[in-house]
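Geometric and topological summary
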Amino acid sequence: MLTLDRRTFVKSAAMTAATTAAAAGSASALSLPVLSQPEGSSLKWNKAPCRFCGTGCHVMVGTENGRVVAIQGDQKADVNKGLLCVKGYHVGLILYGKDRLTTPMLRKDGKLVPISWDEAIATIAKRIADSPKTFAMYGSGQWTIGEGCAGNKFMKAGLGNNHIDGNPRLCMASAVTGFLSTFGVDEPPGVYDDLDACDVAIMWGNNMAEMHPVLFSRLIDRRTRGEKVMVIDMTTRRTRTSDHAEHVLLFKPHGDLAIANGIAHLLIKNGTYDKDFVAKHCNFRQLGPKPDEKTPPDMLGAPMTFEEYAKAVEPYTPEKVEELSGIPAEKIRLLGELFGRRDIKINSLWCMGMNQHTRGTAINCLVHAIHLLSGHFGKPGDASTSLTGQPSACGTVRECGTLSHLLPGGRLVANPDHRKHAEEFWNVPEGRIAPKPGYHTVEMFKRFNTPTDQGGDITTLWVQVTNPGQTIPNLERNFRKKKGLADKFLIVSDVYPTATTELADLILPSAMWVEKNGMYGNSERRTQQWFKLVPPPGDARDDCWQTIAVSHKLLDMGVEGMKGKDGKWIFHTTDAAGKEVPIWDWAHYYDTNVDERLFEEYRAFTRMKHKDLAPYQEYVKSRGLRWPVIQQPDGSWKETRWRFSEFDDTYVAKGKGFQFYHSVTKDDKALVWFRPHEFPPEMPDKDFPFWLCTGRVLEHWHTGTMTRRVPQLHRAMPRAYVEMNREDAKRLGVQNGEVVTIKSRRGELDLPVWIGGRGDPKPGEVFVPFFDEGKLINQVTLDEYDPYSKQPDYKKCAVTVLRKA
Amino acid sequence: MAVSGIVVTLASDPGLAEQAMAALSADPRLTLGERFGLRLAAVAETDSPRADRDLWDQLHAIPGVVHVDVTFVALDQPAPELAREMENTDAHA
Ligand code: SF4
């Protein structure tokens, strides 16, 4: 054992971490010194998932004297094997921005003034009690599972109000409808291990190098070990991902629909589709007729035969696809050939490019369809996998059902049986849950921003852990109009001032990340757990406690819905001796583990859709487990990597090979959908001749409220810009750095031009990142959305570029 | 003080990799550790977050350096110092 001074100790720990990571995958055996801490040091290390993206890397968090003082990649974590990206290794600093919110503030006479928590909770309870049906809650894929469970139960089982939605509606709702339409159950069948086994990785509008950098490193790193992996980057603009790709296929917006159908066309024409897999495991589907002019056809669609399907994709010849997508016919043939091969493994990956799409459900279904048709499914390396942008879009929102049409565990508000289950699990009287889905995100914000006497029937809105003031499309119309509406009341729980708190009537300071207990669920069905490691600053408190405290206040006020079937409070909690723990009182909130209580209640919901979770304590021991997690005869718990595949999924019957046990057609088969190519709802024209695409950057996480407070990240990417193609810039006489106006039919924004920068759009396209609260590009974007997922399309609308006088 | 544990991935071209090794060994901010094939463990020490960021950029610019992963960061900087740094930026002006 070595005793070292602090700096030497830290250096040694840093070298140990680096050496272990460098050696990972190498044949060399390692012998590392065992380090003791410097004398007098109270540094402690604990695990936690990274606060940022849906990759779900684990970090080791070093704390000392109530502060986070060090971060390292967690060597024990399967996801990241000790590595982190530039954001992840600075994650500790997000707690310490100078302007943390530390006290509740209420707007009085137009000014925000500090108030007590008692006044804040009473103010919210009164607003709700006065008009419970016009109250809405807007949450997040950054909500912990406990926070989501508490919000969902409070709204749906307490107030009988389904107006609760979450920001994953803006980022992955189309992935959900794609999985549901195809497999009858949400979330990817495959896992990240597919990245280690695939021969071809296809990025469908997915800049993985910047958005999921650790996963991209995991893939690309295989090349340094001498393995061959081909990357095909299908994109509308060149990005850092393109730099590593063998083939960069630049397509026109909505061209992806044509490309997928073109691949299907070739598989059938060349006879290279997997006949055995298709015969045993697939049915075919198309959209049925529209019930009326305004209503889209049912999402369940209408059956079609293989022959009808073959006929439907017949027009998508490589030449036709070239015309629709802009990708040369020979590249379409290359894709068709690759999918037609049985000797390689193909992993398709996507994120916002396919989801923020007015035909998002369609393109999700089509990508699954070509994997099913070609049999590139359910073997390590063969998978169609959506990635999420937020750390718990899957765990909290998709699985706990914190969307306006969902109930926990894959249940639907509109299904009477599902409501009955939920009422039983939540122990509330039958009929408590309202049968009609609540408002989805865009509708919720539209109604909140519409005068009450003109149909604006949302009057009080509580936002937790998200920043809609920056992310809602068409911000002027859908967010900022509230300013002139005196009877509307906006409550925002957050950690820093944001574009949303700017218009808030009541601000609640929240605890964040390791300042509270939490659980997340990442993109590969992995549920993760961590404990509170440091205290929150000032008077900041957990979001979950905030919801629980308001619920208890309503109980005190006699609101019947806050009681369960047994007459007890819906969040009634007892200690081991059966004595009530007053968790509504902050002083006693951590007398018990509220997260564990909520999780165990929620766990009962997870069986119906075979999303089985293990007991809370199993997650305490692990770096996450991928559901379904099944108890073994010896009492241990086994996670599942490849769902629906007999070799790994306990729920597949012996001898079946594959079994889609939640099949829409109830015959254990998946659906191969046909959806046609369609043009976007707004296209460039002579007045607005450019496509606008928006997105993220490596250094900043989403709206930048956390990462812009980390000096290193802020300096690396200080402000938003507009990327332009060099030819366009030349034609317009625009110089690098020159400020131009980006204008659409909805709004305009001044931005400096970046030519030949990080990304390179095609001629006729511009790209603007959305992280900068000083440059709100969503004043310009379109609020059209997919008719099934209700997810808006931030990736394409028509704009013009104007030089300043 | 900023101390980071890093893994530098070197180019597969032996000439370029050697060139990168020479540049990395000459940098006083780096302590080089073991090399495993194309992966080199190292520790970077810098005086401030700004210097840390600069080093990061410079490492990426060295011919023969393909990628830099960070595996450990010590954040010994007290909050007021960070606050002062941020006051000089326009992140939340
Ligand atoms: S890839 Fe995502 S989860 Fe991993 S360290 Fe980076 S931001 Fe965090």
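Since we're looking at a predicted model, the values are computed, not measured.

About the cut-offs
Residues numbered from 1 in each chain as written. Chains lettered and ligands numbered in written order. Predicted model: local features only at pLDDT ≥ 70, side-chain atom pairs only at ≥ 80, totals over all residues. Heavy atoms only, no water. Helix = DSSP H or I, 4+ residues; strand = E, 2+ residues; numbered from the N terminus. Buried < 20%, exposed > 50% of the residue type's maximum accessible area, 1.4 Å probe, protein only. Contact = heavy atoms within 4.5 Å. Near = heavy atom within 4 Å. Nonpolar A, V, L, I, M, F, W, Y, C, P; charged D, E, K, R; others polar. Axes fitted to C-alpha atoms, helices over the stretch in contact; angles between N-to-C directions. Parallel < 35°, antiparallel > 145°, perpendicular 65-115°, else oblique. Domains from an automatic or database assignment. Buried area = accessible area lost by both parts, 1.4 Å probe. Pairing = 2+ DSSP bridges. Phe/Tyr/Trp six-rings, centres within 6.5 Å; stacked < 30°, edge-to-face > 60°. Lys NZ or Arg CZ within 6 Å of the ring centre and 35° of its normal. Core = buried A, V, L, I, M, F, W, Y, C linked by side-chain atoms within 4.5 Å. Left-handed = near helix turned anticlockwise from the far one by under 90°.

Observations concerning the overall build of chain B
- Scanning chain B for helices and strands turns up 3 helices and 4 strands.
- Along its sequence from the N terminus, chain B presents helices and strands in the succession β-α-β-β-α-β-α.
- Across the 93 residues in chain B, those meeting the buried criterion constitute 53%.
- Long-range contacts, defined as pairs at least 24 residues apart, comprise 65% of the intrachain contacts of chain B with a sequence gap of at least 6.

So, the site of the ligand
- Taken together, Cys50(A), Phe52(A), Cys53(A), Thr55(A), Gly56(A), Cys57(A), Leu84(A), Cys85(A), Lys87(A), Gly88(A), Pro213(A) and Val214(A) form the complete shell of residues around the ligand.
- Classifying every residue of the shell around the ligand by side-chain character gives 8 nonpolar, 3 polar and 1 charged.

Some words on the packing of helix H9 (residues 255–269) of chain A against helix H12 (residues 318–325) of chain A
All names here are of chain A.
- At a minimum axis distance of 8 Å, the contact between H9 and H12 shows a crossing angle of 170 degrees. By the angle between their directions, the pair H9 and H12 is classed as roughly antiparallel. In this structure, H9 contributes Gly255, Ala258, Ile259, Gly262, His265 and Leu266 to the contact, and H12 contributes Pro318, Val321, Leu324 and Ser325.
- Its residues assigned to classes, the contact of H9 with H12 comprises 6 nonpolar, 4 polar and no charged.

Some words on the domain arrangement of chain A
All names here are of chain A.
- When the domains of chain A are assigned, the result is domain 1 (4–96), domain 2 (105–171 + 392–467 + 478–589), domain 3 (173–387) and domain 4 (690–781).
- The distance between the C-alpha centroids of domain 2 and domain 4 comes to 33 Å.
- Counting from both sides, the interface comprises 7 residues of domain 2 and, opposite them, 6 residues of domain 4.
- Here domain 2 packs against domain 4, burying approximately 650 Å² in sum over the two surfaces, 66% of which is carbon and sulfur.
- A per-residue breakdown of the area domain 2 buries against domain 4 is headed by Gln142, Asn467 and Tyr496, which together make up 52% of the total.

Observations regarding the pairing of strand S14 (residues 346–350) of chain A
Residue and element names in this part refer to chain A.
- Among the 5 residues of S14, 5 are classified as buried, and the element is accordingly described as predominantly covered.
- Of the two faces of S14, the one carrying Ile346, Ser348 and Trp350 and the one carrying Asn347 and Leu349 are both buried.
- In this structure, strand S8 (residues 200–204) lies alongside S14, joined through 5 bridges in parallel fashion. Across the sheet, Met203 pairs through a bridge with Leu349, a residue of S14.
- Taken together, the 4 bridges between S14 and strand S15 (residues 383–386) define a ladder with parallel strand orientation. Across the sheet, the residue bridging to Ser348 is Ser384, located in S15.

Structural notes on the sheet that holds strand S18 (residues 460–464) of chain A
Residue and element names in this part refer to chain A.
- Taken together, the 7 strands give an open sheet; going across it, the order is S5-S4-S20-S19-S18-S6-S7, and neighbouring strands pair in mixed fashion. Two strands lie at the open edges of the sheet, namely strand S5 (111–114) and strand S7 (164–166), each paired on one side alone. Here the strands of the sheet are splayed against their neighbours by 20 degrees on average, with no regard to which way each runs.
- With 2 bridges connecting them, strand S4 (residues 105–108) and strand S20 (residues 506–509) associate as antiparallel partners. The residue of S20 that forms the bridge with Leu106 is Leu506.
- Where helix H18 (residues 441–448) meets the sheet, it contacts strand S6 (135–139), S7, S18 and strand S19 (489–494), and its direction lies at approximately 135 degrees from that of S6.
- Seen against the sheet, helix H21 (residues 543–556) touches S6, S18, S19 and S20 and runs at an angle of roughly 150 degrees to S18.

Structural notes on the side chain of Asp772(A)
- Take Asp772(A): it is sitting in the loop between strand S32 (765–769) and strand S33 (797–803).
- When sequence neighbours within four positions are dropped, the list of residues in contact with Asp772(A) reads Gln470(A), Arg708(A), Arg719(A) and Ala720(A).

A closer look at helix H5 (residues 173–183) of chain A
Residue and element names in this part refer to chain A.
- Counting buried residues along H5, 10 of its 11 residues qualify, which places the element largely inside the surrounding structure.
- Regarding H5, the residues found buried are Ala173, Ser174, Ala175, Val176, Thr177, Gly178, Phe179, Ser181, Thr182 and Phe183.
- Where H5 is buried, its residues touch helix H4 (168–171), helix H14 (352–355), helix H15 (360–374), S15, helix H16 (393–399) and strand S26 (670–673).
- Immediately beyond the C-terminal end of H5, within one or two residues, lies Gly184, with a positive phi of roughly 80 degrees.

Observations regarding the packing of aromatic side chains
All names here are of chain A.
- Considering all chains together, one arrives at 34 aromatic pairs over all chains under this definition.
- Note on Phe52 and Trp701: the rings are 6.1 Å apart at their centroids and 40 degrees apart in plane angle, and the pair reads as tilted. In this pair, Phe52 sits in the loop between strand S1 (44–49) and strand S2 (58–64) while Trp701 sits in the loop between strand S27 (690–695) and helix H25 (711–716), placing the two residues 649 residues apart along the sequence. The pair formed by Phe52 and Trp701 is uniform in burial state, with each residue classed as buried.
- We note Arg67 situated over the ring of Tyr96; from NZ or CZ to the ring centre the distance is 3.9 Å.

Structural notes on the sheet that holds strand S28 (residues 722–724) of chain A
Residue and element names in this part refer to chain A.
- Read once around its circumference, the closed barrel built from 6 strands follows the order S27-S32-S28-S30-S29-S33, with strand pairing classed as mixed. Across the sheet, the mean angle from the axis of one strand to that of its neighbour is 45 degrees, orientation sign disregarded.
- Relative to S33, S27 runs antiparallel, the two being bridged by 3 bridges. Looking at the pairing, Phe690 lines up with Val799 of S33.

Points about the nonpolar core
Residues and elements named next belong to chain A.
- With 134 residues, the main nonpolar core has Trp204, Ile259, Tyr309, Trp513 and Val514 as its most contacted residues.
- A per-element tally of this core places H9 first, with 9 residues.
- Core analysis: the second largest hydrophobic core is formed by 59 residues, Leu407, Ile433, Val465 and Tyr619 among them.

Details of the packing of H5(A) against H15(A)
Residues and elements named next belong to chain A.
- At a minimum axis distance of 8 Å, the contact between H5 and H15 shows a crossing angle of 45 degrees. Classified by the angle their axes make, H5 and H15 are oblique. In the crossing of H5 with H15, the sense of the turn from one axis to the other is right-handed. Contact with H5, carried on its side by Ser174, Ala175, Thr177, Gly178, Phe179, Ser181, Thr182 and Phe183, involves Gly360, Thr361, Asn364, Cys365, His368 and Leu372 of H15 and no other residues of that element.
- Among the residues making up the contact of H5 with H15, the classes are represented as 5 nonpolar, 9 polar and no charged.

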